[in-house]
Amino acid sequence: MATEQETERGRFTITQSQRDRIARFVRKFRSNTKAMLGFSIVVLLVLVAIFAPIIAPYPIDATNIEDRSQAPSVEHPFGTDDLGRDIFSRVVMGSRISLYVGFGAISGALAVGAVVGVVAGYAGGLTDEILMRVMDAAMAFPPVLLALTLLVVLGPELSNVVIALAFVYTPYIARVSRSAALAERNEAYVEAAVARGESDSRIVFSEVFPNCMAPMLVQGSLNVSFAILAEASLSFLGLGAQPPRPSWGLMINTGRGFMETAPWMLLFPALAIGIAVVGFNMLGDGLRDVLDPKVEAIE
Amino acid sequence: MQENGKGSDSSDSTGDGTRRSRFDRRTFLGAAATTGAVALAGCTGGGSDDGTTEDSGSTDEGGDTENTDTTAASGGKQGGTLQWGGAVPVQGLDPHIDTSAASKRVLENIYEEVVALQDDYSIQPHLAESMEQSDDNTLLTFNLRQGVTFHNGKEMTSEDVLASYERVQNGDYLATGFFDYVEELRAPDDYTFEVQLTEPFAPFLAKMATAELSVMPAENAEKDMVEEPIGTGPYVFESREIETSFTMSRNEDYWGASDEDGPFIDTIVKSEVPDPSVRLQSFLAGEYDFINGIAPKDVSRVEQAPDVRFEKQFPKSLVYLGLNCDVAPFDNKDARLALDYTIDKEKVAEAALYGTGQTTASPATPGSPWVNPDIEPRPRDLDKAQEHLDAAGMSDGFTATFKIPQSYPTQVQAAEVIAADAAEVGINLEIQQITWSTWLSDVYSNRDFQATTSSYLALWYPDVSFYKFLHPNGAFFFTNWVNEDYNALVEEARTIYDEQERADLYHQATEILHEERAGHLFLWWQPSLYGAASQYKGDIGAPDGSTLQFGDNWLDR
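**Overview of the overall build of chain A**
Within chain A one finds 13 helices and zero strands. Classification of the 299 residues of chain A by burial places 48% in the buried group. In chain A, once contacts between residues fewer than 6 apart in sequence are set aside, the share between residues at least 24 apart is 71%. When the accessible surface of chain A is totalled, it reaches about 14000 Å², and 66% of it is carbon and sulfur.

Okay, structure coming up:
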């Protein structure tokens, strides 16, 4: 894909070569078990999140002290928590928070990071130096620690978690897109565009950018899993989602105190996080296998 | 209120172990010895029966869970090392400065005061042999005990007492404000100490019974801050490693030592184990003889554990919902009332305390004469809540932030139940978990909040309950609720010594708190919860409900 040449017109109508490319992608994707498994998990998660209110059998905030800390049963497949709320319903609704933060933060990071990276990579020189040193500086902090600091300043709220994590993951995206742009810069189609007298911004955004999408997509989907994990950690520490929101991290925090008496309070949200993280990781890994021509060469 | 209280208490007492009779461990006054059999948990003042009845009920029911011997009275075995798994690390070691309950828990055994609180909440001479109050209640004369020595071997005289008091009077210490009512402190001879008040001021004597007026050697009283505590108490400070451990040993020369009342245990080692799960786990594994700060949710585990004593001392502290009466929406009395009517207090207390506490509409200690028996928490009534919302001009409800200190899981649990209840009439309380230091800076110091939760410790004397938190001049006033009638009542109560007369004023004050829906919406009284190995004998706790006195405790092994 990266070596494919594209004419300007070709991007607006699907040409034969593009159709071939898509078909090849789909074929390779489908034959890659890791990618397919990750993809299925992610699709399942998205479906659960979309239909959460229909799937969840109980209202998530309805406390019922008489039924507190009940072990899993037919009425409550995942048991109930310390305030008698149905854990299954809360885990299901919690998928919305995880996906909202995961997708939200990484979309933000992609929007900023990709532009910064591609511009830096294409422009080179001083622009590259400045942009990338700023990114390096931001990257020098451990992600969760940086997000934690930002949240102390911004205040503990879910929307702020998205902003903080978007900020934290921006340099990771920027780095990947810069190296992709660096490789593209010397491609013949770029030279051709320069020869045609296209403006720099047009070359960057219309020619180079689309060709850097593959590594960004891989990095993005990997980072979604990190962001989901980070949200759980932040909520666990009390700086993310606030009660009574059914954030998985928050549920684990509460459940920690009941580890010996009601382990299901901890177990099911932890499993949910595990599944989500593994899903996005496998999808990312799989995408890399499918999209990276070097990996293909080895195979 | 009393009905409610009893109801909830007896329902939980089916399995809450035994709260045994508490013996007056500092009794050397023949007269005071009669306080001996006052039951621990209720600790009612003024002969009210309510508290003691609750206790005897639970004593019967809990008898099978542990040894119910009354060892403290028959004397204990000397020696041994008590391994104590402590909940909150010891902070400062200067009793006149440090406010933390964790410090007070250890200092209570090292320092002593001129007078001491008893289990029935009366105040008796302690380092004094006797005391006299002049007829106009302005002159307090204490005849100090002879032969009391400090841990450094020096004898305690009136010079030390005077120096300790002058330190507080002239410095900037916790009790300094109380000296506004002191005209003069005098030490006419080696064993006499006099306090001349400018006007009758009842809380002064109560203050004298707290660590804020502990007696220290004169040379220590000259220091701005004491780092190595030297007192007269049954235990001597040995060493401490900050946030790791604190060690004290038996005072061989304790003035009050006896075969009946100890001190018995040679060494007490407090290991700092702040995580409640780790603490409980280690205790159940036999690593500690004693732990404090058991979470209410873990009570049933402790009760069911073999060879373990579960002890509950009620009450320890009052938890309340604080509403800022200076900013919208809670500057509106109807908005406060609307919220009040949405909350099911029994459910909230049950959710957080698993039946170990009781609800209240009064800031006064349950069972004390200061509790107004006619005032009860408002029952949940959504129609009335809606009426008040309409009256406030907020028919559709309102939104407010709800700042909760996250280090108190019981308060977080309560907040979730309250928020869920309030949401039903459109009152949207947005919970924000904050750290304790943020609570102190934002909520308490800057009063930057709409709604919050917090708690008070040690409310055994009514001035704390009614003045410190609720009077604009009180040391811990922050909800901005001001009512002139209320202020006049609690100011007057400070000058009155007659219990009945004083109680009347506090009853009226409670009525105003309730009718005007003060910024403090009381949620519940909660106990101190302890676990001890079965070889650990003697009564656990102290009359104030939150500290510990190890003097008459012993180890049977």
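**Here's the deal with the sheet that holds strand E5 (residues 139–144) of chain B**
Residues and elements named next belong to chain B. Sheet architecture is open: four strands sit in the order E4-E5-E7-E6, paired in antiparallel fashion. Each of the sheet's edge strands pairs with one partner strand only, and the pair in question is strand E4 (128–133) and strand E6 (182–189). The mean angle between the axes of side-by-side strands here comes to 15 degrees, regardless of whether they run parallel or antiparallel. Pairing of E6 with strand E7 (residues 192–197), which is carried by five bridges, proceeds in the antiparallel orientation. Each bridged residue has a counterpart across the sheet, and for Glu184 the counterpart in E7 is Gln196. Strands in contact with helix H5 (residues 158–170) are E5, E6 and E7; relative to E6, the strand with the most contacts, it is inclined by about 165 degrees.

**Re the packing of helix H4 (residues 87–123) of chain A against helix H10 (residues 213–236) of chain A**
All names here are of chain A. In contact at an axis separation of 8 Å, H4 and H10 are set at 135 degrees when each is read in the N-to-C sense. Taken together, the axes of H4 and H10 lie oblique to each other. The two elements H4 and H10 cross, and the hand of that crossing is right-handed. Taking contact as the criterion, the partners of Ile97, Ser98, Leu99, Val101, Gly102, Phe103, Ala105, Ile106, Leu110, Ala114 and Val118 in H4 are, on H10, Met216, Gly220, Asn223, Val224, Ala227, Ile228 and Glu231. Its residues placed into classes, the contact of H4 with H10 shows 13 nonpolar, four polar and one charged.

**A few points about the environment of B:Asp340**
Residue and element names in this part refer to chain B. By the element assignment, Asp340 lies in helix H10 (residues 333–342). The spacing of Asp340 and Arg378 is 38 residues in sequence and 6.9 Å in space, taken between C-alpha atoms. Ignoring any residue separated from it by four or fewer positions in sequence, one finds Asp340 in contact with Lys345, Arg378, Arg517 and Leu521. Of the polar contacts made by the side chain of Asp340, one reaches the side chain of Lys345; its length is 2.5 Å.

**Some points on helix H1 (residues 16–31) of chain A**
Residues and elements named next belong to chain A. With 16 residues, H1 should cover 22 Å at 1.5 Å per step; its first-to-last C-alpha distance of 22 Å lies within 8% of that length. Where H1 is concerned, the buried positions are Gln18, Arg21 and Phe29. One face of H1 carries all of its buried residues, which in axial projection span an arc of 65 degrees. With respect to the buried face of H1, the exposed residues turned more than 90 degrees away are Arg27, Arg30 and Ser31. Where the residues of H1 are buried, they touch helix H2 (33–50) and helix H12 (264–291).

**Comments concerning the interface of chain A and chain B**
Contact residues are listed per partner, giving 19 residues for chain A and 20 residues for chain B. Around 1700 Å² of area is buried between chain A and chain B when both sides are counted, 50% of it from carbon and sulfur atoms. The largest share of the area that chain A buries against chain B comes from A:Arg68, A:Pro243 and A:Glu260, three residues that together contribute 28% of it. For the interface between chain A and chain B, the tally reads three salt bridges. Between B:Glu416 and A:Arg85 there is a salt bridge, and its shortest N-O distance comes to 2.5 Å. The interface formed by chain A and chain B contains nine residue pairs in polar contact (both at pLDDT 80 or more). Class assignment of the residues belonging to the side of chain A that touches chain B gives a composition of eight nonpolar, five polar and six charged.

**Details of the packing of aromatic side chains**
Applying the stated criterion to the full structure yields 37 aromatic pairs over all chains. Where A:Tyr169 meets A:Tyr172, the ring centres are 5.8 Å apart and the plane angle is 50 degrees; that geometry is what we call tilted. Of this pair, A:Tyr169 and A:Tyr172 both sit in helix H7 (residues 158–185), separated by three residues, roughly a single helical turn. A centroid spacing of 4.9 Å and a plane angle of 40 degrees characterise the contact between B:Tyr320 and B:Tyr456, whose relative ring orientation is tilted. Highlighted residues: B:Tyr320 in strand E12 (residues 308–323) and B:Tyr456 in strand E15 (residues 451–457), separated in sequence by 136 residues. In this pair, the class of B:Tyr320 matches that of B:Tyr456, namely buried.

**Some remarks on a negative patch on the surface**
Taken together, the side chains of B:Glu155, B:Glu159, B:Asp189, B:Asp190, B:Glu219 and B:Glu222 define an acidic patch exposed on the protein surface. What makes B:Asp189 partly exposed here is its relative accessible area of 39%.

**Concerning the environment of B:Trp460**
Residue and element names in this part refer to chain B. The topology assignment puts Trp460 in the loop between E15 and helix H15 (462–468). A relative accessible area of 7% places Trp460 in the buried class. In this structure, the C-alpha to C-alpha distance between Trp460 and Ala206, residues 254 residues apart in sequence, is 9.0 Å. Apart from residues no more than four positions distant in its own chain, Trp460 is found in contact with Leu117, Tyr121, Ile123, Ala206, Ala209, Thr210, Thr365, Trp370 and Asp544.

**Structural notes on the nonpolar core**
Side chains that are nonpolar tend, in soluble globular proteins, to be buried together. Formed by 74 residues in total, the largest nonpolar core has its most connected members in B:Val114, B:Phe142, B:Tyr165, B:Phe204 and B:Met208. At six residues, the largest contribution of residues to this core is made by helix H17 (residues 499–515) of chain B. When residues of this core are assigned to domains, at least three fall in each of domain 1 (111–221) and domain 2 (315–526) of chain B. Those residues in contact with B:Phe142 that sit more than four places away from it in its chain are B:Val114, B:Val115, B:Ala128, B:Ser130, B:Met131, B:Tyr191, B:Thr192, B:Phe193, B:Val195, B:Leu205 and B:Met208. By size, the runner-up hydrophobic cluster in this structure holds 60 residues, among which are A:Phe29, A:Ala35, A:Ile60 and A:Val161.

**Here's the deal with the confidence of the model for chain B**
For chain B, the average pLDDT comes to 86, and 87% of its residues sit at 70 or higher. Overall, residues 1–73 of chain B carries pLDDT values under 50, and its contacts beyond four positions in sequence, including any with other chains, amount to 165 contacts.

**Some points on the pattern of salt bridges**
Residues and elements named next belong to chain A. Following the criterion strictly, the structure yields 34 salt bridges over all chains and no others. Here Asp136 ties to Arg133 by a salt bridge, and the two come within 3.1 Å at their closest N and O atoms. Taken as a pair, Asp136 and Arg133 lie in helix H5 (residues 125–139) at a separation of three residues, close to a single helical turn. With relative accessibility at 43%, the residue Arg133 sits in the partly exposed group. In this structure, a network of salt bridges that share partners links the residues Lys34, Asp285, Arg288 and Asp289.

**Topic: the confidence of the model for chain A**
The predicted model of chain A averages 90 in pLDDT, with 93% of residues at 70 or higher. In the model, residues 1–10 of chain A has pLDDT below 50 throughout and makes 16 contacts with residues more than four positions away in sequence or in other chains.

**Some words on the packing of helix H11 (residues 248–256) of chain A against H12(A)**
Residues and elements named next belong to chain A. At a closest axis distance of 8 Å, the pairing of H11 and H12 adopts a crossing angle of 150 degrees. In terms of orientation, H11 lies roughly antiparallel with respect to H12. When the axes of H11 and H12 are compared, the crossing they make is left-handed. Contacts between H11 and H12 involve Trp248, Gly249, Met251, Ile252, Thr254, Gly255 and Arg256 from the former and Met265, Leu266, Pro269, Ala270, Ala272, Ile273 and Ala276 from the latter.

**A look at the sheet that holds strand E13 (residues 398–405) of chain B**
One open sheet holds the ten strands; their spatial order is E8-E9-E10-E1-E11-E16-E12-E15-E13-E14 (chain B), and the pairing between them is mixed. Of all strands in the sheet, those with a lone pairing partner are strand E8 (235–241) and strand E14 (427–434) of chain B, marking the two edges.

Cut-offs and rules
- Residues numbered from 1 in each chain as written.
- Chains lettered and ligands numbered in written order.
- Predicted model: local features only at pLDDT ≥ 70, side-chain atom pairs only at ≥ 80, totals over all residues.
- Heavy atoms only, no water.
- Helix = DSSP H or I, 4+ residues; strand = E, 2+ residues; numbered from the N terminus.
- Buried < 20%, exposed > 50% of the residue type's maximum accessible area, 1.4 Å probe, protein only.
- Contact = heavy atoms within 4.5 Å.
- Areas by Shrake-Rupley, 256 points an atom, 1.4 Å probe, with all protein chains shown as cover.
- Pairing = 2+ DSSP bridges.
- Axes fitted to C-alpha atoms, helices over the stretch in contact; angles between N-to-C directions.
- Parallel < 35°, antiparallel > 145°, perpendicular 65-115°, else oblique.
- Left-handed = near helix turned anticlockwise from the far one by under 90°.
- Nonpolar A, V, L, I, M, F, W, Y, C, P; charged D, E, K, R; others polar.
- Polar contact = N/O pair within 3.5 Å; in protein donor to acceptor, adjacent residues only side chain to side chain.
- Expected span 1.5 Å × (residues − 1).
- Arc of directions from axis to C-beta.
- Buried area = accessible area lost by both parts, 1.4 Å probe.
- Salt bridge = Lys/Arg side-chain N within 4 Å of Asp/Glu carboxyl O.
- Phe/Tyr/Trp six-rings, centres within 6.5 Å; stacked < 30°, edge-to-face > 60°.
- Patch = residues over 30% accessible without salt bridge, like charges linked within 9 Å, V, L, I, M, F, W, Y side chains within 5 Å.
- Lys, Arg positive; Asp, Glu negative; His and termini not counted.
- Charge placed at Lys NZ, Arg CZ, Asp CG, Glu CD.
- Core = buried A, V, L, I, M, F, W, Y, C linked by side-chain atoms within 4.5 Å.
- Domains from an automatic or database assignment.
- pLDDT = per-residue confidence, 0-100.

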